[in-house]
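# Chains, contacts and geometry: an overview
Below are the chains, spelled out letter by letter.
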Amino acid sequence: MNAAAIKFLAIVALAAVALCATTQALTIEPRSSWGAVSARSPSRINGAVEFVIIHHSDNPNGCSTSQQCQRMIKAIQSDHKGRRKFSDIGYNFIVAGDGKVYEGRGFGLQGSHAPSYNRKSIGIVFIGNFENSAPSSQMLQNAKDLIELAKQGGYLRSDYTLLGHRQTKATACPGTALYNQIKTWPHWKDI
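Residues numbered from 1 in each chain as written. Predicted model: local features only at pLDDT ≥ 70, side-chain atom pairs only at ≥ 80, totals over all residues. Heavy atoms only, no water.

You'll find the protein chain entered in an unreviewed UniProt entry as Peptidoglycan-recognition protein, with Drosophila hydei given as the organism. Its UniProt record, at the heading Subcellular location (unreviewed entry), says of the protein chain: "Secreted". Its UniProt record, at the heading Sequence similarities (unreviewed entry), says of the protein chain: "Belongs to the N-acetylmuramoyl-L-alanine amidase 2 family." (UniProt positions renumbered as here; feature names shortened; annotations may be inferred.)

Have a look at this one:
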């Protein structure tokens, strides 16, 4: 092996270690942390899905403390199960302003977040309204780490497609500022 090949392999190895360290640092708060009510008849998804759909909750002020975030997540679940008649909170995961990722439905369960995509996607919602300003860098990184974790765990295809909710139906979601952010991420496609 020549010096260039050895250097290349060393860089790849360092990148792999850095990636593992990053995603291992991500902690997903369980449903019990926000007081989730049990789901009615959850539907399992077998195998890796092909899409990640990004949403915003459209709460004007978002949340910055765990107590605020947990209260908002519980309210979203109540709305989804009550008014919308979903079996559970519609999203698989919630990225919150307190620096945490919360389990919604979790991996391997069908969400109710994007008609025609629910059986083949992971739905990730950012708490807040991101029409005019983007989420914090921490929130954005948490979502990226969550996507990588989904790939590593076999829940998401390695050739997945990333979409904003507005690409799946007529809506302003996930807000223009957040949408402009995800358009720069790997795997985003203009469909």
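Next comes the rest of the description.
## Focus: the overall build of the protein chain
A tally of regular secondary structure across the protein chain gives 4 helices and 6 strands. When the elements of the protein chain are put in sequence order from the N terminus, they spell out α-β-β-α-β-β-β-α-β-α. Counting across all 191 residues of the protein chain, residues that qualify as buried make up 45%. Accessible surface, the protein chain: about 9500 Å² in total, of which carbon and sulfur atoms supply 52%. (Helix = DSSP H or I, 4+ residues; strand = E, 2+ residues; numbered from the N terminus. Buried < 20%, exposed > 50% of the residue type's maximum accessible area, 1.4 Å probe, protein only. Areas by Shrake-Rupley, 256 points an atom, 1.4 Å probe, with all protein chains shown as cover.)

## Focus: the state of the cysteines
In total, this model carries 1 disulfide according to the counting rule given. Disulfide pairing is shown between C63 and C69; the S-S distance is 2.0 Å. The S-S bond linking C63 to C69 shows a torsion near 100°; that makes this disulfide right-handed. A single burial state applies to C63 and to C69, both of which are buried. (Disulfide = S-S within 2.5 Å.)

## Things to note about the sheet that holds strand β3 (residues 93-95)
Read across the sheet, 6 strands follow the order β1-β4-β3-β5-β2-β6 without closing on themselves; strand pairing throughout is mixed. The sheet is open, and its two borders are formed by β1 (28-29) and β6 (156-164), each paired with just one other strand. As paired strands, strand β2 (residues 49-56) and β6 are joined by 5 bridges and run parallel to one another. Note that in β6 the partner of F51 across the bridge is T161. Strand contacts of helix α3 (residues 137-152): β1, β2, β3, β4 (101-103), β5 (121-126) and β6, with the helix running at about 145° to β6, the strand carrying the most contacts. (Pairing = 2+ DSSP bridges. Contact = heavy atoms within 4.5 Å. Axes fitted to C-alpha atoms, helices over the stretch in contact; angles between N-to-C directions.)

## What to know about the nonpolar core
Membership of the largest hydrophobic core comes to 27 residues, with the highest contact counts inside it found for I124, F126 and L162. Those elements that place two or more of their residues in this core are β2, β3, β5, α3, β6 and α4 (176-182). With 6 residues, α3 is the largest single contributor of residues to this core. In this structure, L162 is in contact with V52, I54, I147, Q167, I182, W185, P186, H187, W188 and K189, ignoring residues within four places of it in sequence. Residues W34, I73, I89 and I127 belong to the second largest nonpolar core, which totals 12 residues. (Core = buried A, V, L, I, M, F, W, Y, C linked by side-chain atoms within 4.5 Å.)

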